[in-house]
Amino acid sequence: MPISIATKRQRACAALMQQVHAITATEGPTPSALHAIKQKLVALANKTALFPLSDFEMPIAQGRNHPLLVEDNDGCGLYLTINLPGKEAAPHDHGIWCVNAAVSGIEKHEFFRRLDDGSRPGYAQVVKTGEVVVRPGQGMAMADHDIHSTIVEGDEPAIGLALYGYALARFPAVVWFHPAFASTRASLSRRLAV
Ligand SMILES: [Fe+2]
């Protein structure tokens with residue numbers, strides 16, 4: 001019996017996760033480890049036949065995450081993400097590392113650095129430090145407290161793979177920044193919910 005695409009995908013995701021743990025086991029989620037993980041994730045995303053759109057429902061609006069491989073407890077989460085044209089996210093800090101790779105479409109990430117010391121509640125100053133355009137064959141990696149914003153560019157949905165150091169259901173508080181108002185706020189942490 002031929003192996004289904006879903007089974008092939010499952011195996012490829014499991015193989016990726018093994019590689020991710022092999023990389024982080026030796027040095028933790030350092031910048032070089034995250035770079036190596038990014039290259040692995042890009043290689044997986046390049047296998048577009050494993051991710052046919054017919055297997056993944058489109059979002060009704062904005063975006064949608066489809067779990068591909070979510071580890072138990074404090075393990076990693078690997079998702080197929082679909083973000084519709086124009087979907088954007090203001091600058092934010094996940095508190096946990098993240099690696100993305102494009103399957104199709106284009107998403108631009110801008111990166112920011114916080115200038116203030118965080119001592120004034122609700123106040124933050126951030127400055128843009130760079131940007132990465134994630135398109136097929138490309139990816140991006142960010143460390144635990146890097147700050148990024150995202151926007152889907154062009155007319156096509158941005159479909160990609162997203163690997164987080166924690167599953168989305170166990171995410172820390174996400175800190176959002178509003179550079180125009182020099183303000184910040186945090187979402188509730190999910191770390192205490194399970
Ligand atoms: Fe993000």
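It should be emphasised that the depicted structure is a prediction, and the values quoted were computed from it without experimental measurement.

Draft legend 1. Seen up close, helix H1 (residues 5-27). End to end, H1 covers 33 Å across 23 residues, agreeing with the expected 33 Å (1.5 Å per residue, within 8%). Here H1 has its buried residues at Arg9, Leu16 and Val20. The elements touched by buried residues of H1 are helix H2 (31-45) and strand S9 (158-164).

Draft legend 2. Geometry of the packing of H1 against H2. At their nearest, the axes of H1 and H2 sit 10 Å apart, and the two run at 170° to each other. Looking at the two axes, H1 sits roughly antiparallel to H2. Of the residues in H2, those in contact with Ala12, Leu16, Gln19, Val20, Ile23, Thr24 and Glu27 of H1 are Ala33, Ala36, Ile37, Lys40, Leu41 and Leu44.

Draft legend 3. View of the environment of Val70. Among the structural elements, Val70 can be located in strand S1 (residues 63-70). Val70 has contacts with Gly77 and Ala167, leaving out every residue within four places of it along the chain.

Draft legend 4. Main features of unusual backbone geometry. Backbone geometry places Gln62, a non-glycine residue, at a positive phi of 60°. In this fold, Gln62 is placed in the loop between H2 and S1. Of note, the phi angle at Asn73 is positive, near 50°, even though the residue is not glycine. Tracing the sequence through the fold places Asn73 in the loop between S1 and strand S2 (77-83). Taking the C-beta count within 10 Å as the criterion, Asn73 has 8 such neighbours and is therefore assigned exposed.

Draft legend 5. Inspection of the sheet that holds strand S7 (residues 139-142) at higher detail. Strands sit in the order S1-S2-S9-S4-S7 across an open sheet of five strands; the sheet is antiparallel. In this open sheet, the two strands that pair with only one neighbour each are S1 and S7. Going from strand to strand, the sheet's axes swing by 20° on average, the running direction of each strand aside. The pairing of strand S4 (residues 98-104) with S9 spans six bridges and is antiparallel. Bridge assignment links Ala101 to a residue of S9, and that residue is Leu161. Strands in contact with H1 are S1, S2 and S9; relative to S1, the strand with the most contacts, it is inclined by about 75°.

Criteria and cut-off values
- For every chain, the first residue of the written sequence is number 1, and numbering continues from 1 along that sequence.
- Only residues with pLDDT of at least 70 are given local features in this predicted model, and only at 80 or more are side-chain atom pairs given and counted; all residues enter the totals for whole chains, interfaces and linings.
- Strands here mean DSSP runs of E at least two residues long; helices mean DSSP runs of H or I at least four residues long; both are numbered from the N terminus.
- To estimate how far a helix should reach, multiply one less than its number of residues by 1.5 Å.
- Buried means a residue has 20 or more other C-beta atoms within 10 Å of its own C-beta, exposed means 12 or fewer, and partly exposed covers the counts in between; C-beta atoms are placed from the backbone.
- By the convention adopted here, residues are in contact when the distance between their C-beta atoms, placed from the backbone, does not exceed 7 Å.
- Axes here mean lines fitted to C-alpha atoms, for a helix over just the part in contact, with angles spanning 0 to 180 degrees between N-to-C directions.
- Oblique is the label for any angle not under 35 degrees, not over 145, and not in the 65 to 115 range, which are roughly parallel, roughly antiparallel and roughly perpendicular in turn.
- Two strands form a pair only when DSSP identifies at least two bridges running between them.

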